[in-house]
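# An overview of the molecular structure
Given next are the chains, with one letter for each unit.
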Amino acid sequence: MAIEDGTIVSVEKAGKASGKYRAEEVIDATGKIVMPGLICAHHHLYSTFARGMAVPGEPAKNFVEILEKLWWRLDNALTKEDIYYSSLIPLIECVRNGTTTIIDHHESQSFQKGSLDEIARAVKEVGIRASLCLGTSDRYGKGEAGLEENERFLSLLNSRPSQLVKGMVGLHAAFTVNDDTLDKSVRLAKKFGVGVHVHCAEDKADQDESLKKYNLRVIERLNSHGVLGEKSIAVHCVHVDEKEIDILKATGTNVVHNPESNMNNAVGCADVLEMMEKGIEVGLGTDGMSSDMLSQMRCAYLIHRHVKKDPRVAFLEAPTMLLNKNPKIVKRVAGWRVGEIAKGALADIILIDYQPPTTLNENNFLGHLIFGLVDATVDTTICNGKILMRGKKLVGLDEESIAQKASQLASELWKRF
Ligand SMILES: [Zn+2]
């Protein structure tokens, strides 16, 4: 494979290379699997400081309490510096896990204006790709400021385009945004030619609220305001009915499945196999739980077999979400051609240590992926043609001092929490 200026310019069979290219630097991939960099289609970089935190009071007994007791308090305590360091840590973990593109969904009610700049700064320093947005919410009456930050950031990207950073319009979730905010978010998305990134029907509470307040189900309501479409992302869709699935299909909306998070929050399992069968583009995300896409893929593989009590399902679908659908969604929302090793694709490549203990060929790759590669170690991560990690060592980043600073900031945040 030859890479030039961040793009793959040639791919030839091993041992049969034409010798046309003289490289400044050659990487020998002997004993390694070469794959396109992985993609996380829904992440929350800001969730870092919750790791290991003792949440005061009685344990949350449902999804809404998890938001109220943990996430909404966390995102109402973040400072500018917290946002930057919260981002650096999982971005480094992306590099370690071979994740070279993320679609992030940020929340910081305490510090909205300029928040996306802090994340973009961290993204550029680490060197992976990210589509960013701020999850606008009216829960504390700060919806207008949330939209302003999305607009400010999208304008900035228009005037100063970046190879690594793109933007979307973010909404927290249907149940925390009013109709006025929905309409304004759609106008904003149209103005910049981007989609809306929003949590949908993650828990039944979202549907209950929507029916009570608007007499419409979540997807019906979002659709009636024009939120859905091929550039928009409906995250979770755990509690959607047949009619809503048909709307997602008709509008070409991307759905992102986050099985580990859904299990962690005990909200149920989205029937994404049915959605895929209907032709909906279903991708895979971590929802901030981790930056490890191979383990998320295996979780998707396991949960659907478990829930359906059918060992014939998900063997194809789980890898398809990660390896085929995520690149398609990224192309739609950010315009990047990633997730493939082919001439003309962006040079986002990973090398994984793997000595196949059984035959590995083009017919049984998925078996090796689900049962072998998922536990293998990423050795080298390249994004946009730049080597970010080599021999399991990060290039140009002092991981230890970043972790120390993050830990110090997290301790201060825990005291304020
Ligand atoms: Zn999320």
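Let me begin by describing the structure that accompanies this report.

Rules behind the numbers
Residues numbered from 1 in each chain as written. Predicted model: local features only at pLDDT ≥ 70, side-chain atom pairs only at ≥ 80, totals over all residues. Heavy atoms only, no water. Pairing = 2+ DSSP bridges. Helix = DSSP H or I, 4+ residues; strand = E, 2+ residues; numbered from the N terminus. Axes fitted to C-alpha atoms, helices over the stretch in contact; angles between N-to-C directions. Contact = heavy atoms within 4.5 Å. Buried < 20%, exposed > 50% of the residue type's maximum accessible area, 1.4 Å probe, protein only. Polar contact = N/O pair within 3.5 Å; in protein donor to acceptor, adjacent residues only side chain to side chain. Expected span 1.5 Å × (residues − 1). Arc of directions from axis to C-beta. Donors = N, O, S within 2.8 Å, 3.2 Å for Na, K, Ca; no water. Tetrahedral: all angles 85-135°; square planar, octahedral: opposite > 155°, others 65-115°. Right-handed = clockwise from strand over helix to strand, strands pointing away. Patch = residues over 30% accessible without salt bridge, like charges linked within 9 Å, V, L, I, M, F, W, Y side chains within 5 Å. Areas by Shrake-Rupley, 256 points an atom, 1.4 Å probe, with all protein chains shown as cover. Salt bridge = Lys/Arg side-chain N within 4 Å of Asp/Glu carboxyl O. Phe/Tyr/Trp six-rings, centres within 6.5 Å; stacked < 30°, edge-to-face > 60°. Lys NZ or Arg CZ within 6 Å of the ring centre and 35° of its normal.

### What to know about the sheet that holds strand β5 (residues 99–104)
Overall, parallel pairing links the four strands, which are arranged β4-β5-β6-β8 in an open sheet. Sheet topology places β4 (38–43) and β8 (165–167) at the edges, where each strand pairs with a single neighbour. For this sheet the average axis-to-axis angle between neighbouring strands, irrespective of direction, equals 15°. With respect to the sheet, helix α12 (residues 317–334) is in contact with β4, β5 and β8, its orientation differing from that of β4 by roughly 65°.

### With respect to the side chain of Arg139
By the secondary structure assignment, Arg139 is in the loop between β7 (135–136) and α4 (143–159). Assessed through its relative accessible area of 16%, Arg139 is described here as buried. Here the side chain of Arg139 touches Asp75 through a polar contact of 2.6 Å, side chain to side chain. At 3.3 Å, the side chain of Arg139 forms a polar contact with the side chain of Glu107. If we skip the residues at most four places from it in the chain, Arg139 touches Trp72, Asp75, Glu107, Gln109, His172 and Thr176.

### So, helix α5 (residues 179–192)
Compared with the 20 Å implied by 1.5 Å per residue over 14 residues, the 20 Å span of α5 between its first and last C-alpha is a close match. Here α5 has its buried residues at Thr181, Leu182, Ser185, Val186, Leu188, Ala189 and Phe192. One face of α5 carries all of its buried residues, which in axial projection span an arc of 165°. More than 90 degrees from the buried face of α5, the exposed residues found are Arg187, Lys190 and Lys191. Residues of α5 that are buried sit in contact with β7, α4, β9 (169–173), β10 (196–200) and α7 (218–224). Its side-chain oxygen at 3.2 Å from the backbone nitrogen of Asp180, Asn178 defines the N-terminal cap of α5. Of the residues flanking the end of α5, it is Gly193, one or two places downstream, whose phi is positive at about 65°.

### Notes on the coordination of the zinc ion
With distances of 1.9 to 2.1 Å, the protein atoms coordinating the zinc ion are His42 (NE2), His44 (NE2), His199 (NE2) and Asp287 (OD). Between the four donor atoms coordinating the zinc ion, the angles at the centre fall across 94 to 159°, so the site counts as irregular.

### Points about the pairing of β5
Within β5, six of the six residues are buried, which leaves it mostly tucked inside the rest of the structure. As judged from the four bridges shared by β4 and β5, these two strands associate in the parallel manner. Bridge assignment links Leu38 to a residue of β5, and that residue is Thr99. Relative to strand β6 (residues 129–132), β5 is paired through three bridges, and the arrangement is parallel. Bridge pairing links Ile103 to Ser131 in β6. Where the polypeptide runs from β5 across helix α3 (residues 115–126) and back to β6, its parallel neighbour, the crossover connection is right-handed.

### As for a nonpolar patch on the surface
The grouping of Met1, Ile3, Val11 and Val34 at the surface amounts to a nonpolar patch, some 300 Å² of accessible area in total. In this structure, Val11 sits in the loop between β2 (7–10) and β3 (32–36). Overall, Val11 belongs to the partly exposed group, its relative accessible area being 41%.

### Points about the pattern of salt bridges
One pass over the full model with this rule turns up 34 salt bridges. With its nearest N and O atoms 2.9 Å apart, the salt bridge here joins Glu242 to Lys278. Of this pair, Glu242 sits in helix α8 (residues 242–251) while Lys278 sits in the loop between α10 (272–277) and β13 (282–284), placing them 36 residues apart in sequence. Looking at Lys278, the relative accessible area reads 30%, which means it is partly exposed. With a shortest N-O distance of 3.7 Å, Asp375 and Arg298 are connected by a salt bridge.

### Brief notes about the environment of Gly37
Along the polypeptide, Gly37 turns up in the loop between β3 and β4. In this structure the C-alpha to C-alpha distance between Gly37 and Ala23, which are 14 residues apart in sequence, comes to 21 Å. Setting aside residues up to four positions removed in sequence, Gly37 forms contacts with Gly98, Thr100, Gly339, Asp348, Ile349 and Ile350.

### Section: the packing of aromatic side chains
The final tally for this structure, using the stated rule, is five aromatic pairs. Judged by centre distance (6.3 Å) and plane angle (80°), the ring pair of Tyr46 and Trp71 falls under edge-to-face. Here the residue Tyr46 occupies a position in the loop between β4 and α1 (63–74), and Trp71 occupies one in helix α1, the gap between them amounting to 25 residues. Given a relative accessible area of 7%, Tyr46 falls into the buried group. Judged by its relative accessible area of 21%, Trp71 falls in the partly exposed class. Relative to Phe315, the ring of Tyr301 lies with its centre 6.4 Å away and its plane at 70°, an arrangement referred to as edge-to-face. In this pair, Tyr301 sits in helix α11 (residues 293–308) while Phe315 sits in the loop between α11 and α12, placing the two residues 14 residues apart along the sequence. On the accessibility criterion, Phe315 (32% relative accessible area) is partly exposed. Aromatic ring contacts, followed pair by pair, group Tyr301, Phe315 and Phe371 into a single cluster. Over the ring of Tyr84 we find Arg121, and its NZ or CZ is 3.8 Å from the ring centre. The residue whose ring lies beneath Arg129 is Trp336, and the NZ or CZ to ring-centre distance is 5.5 Å.

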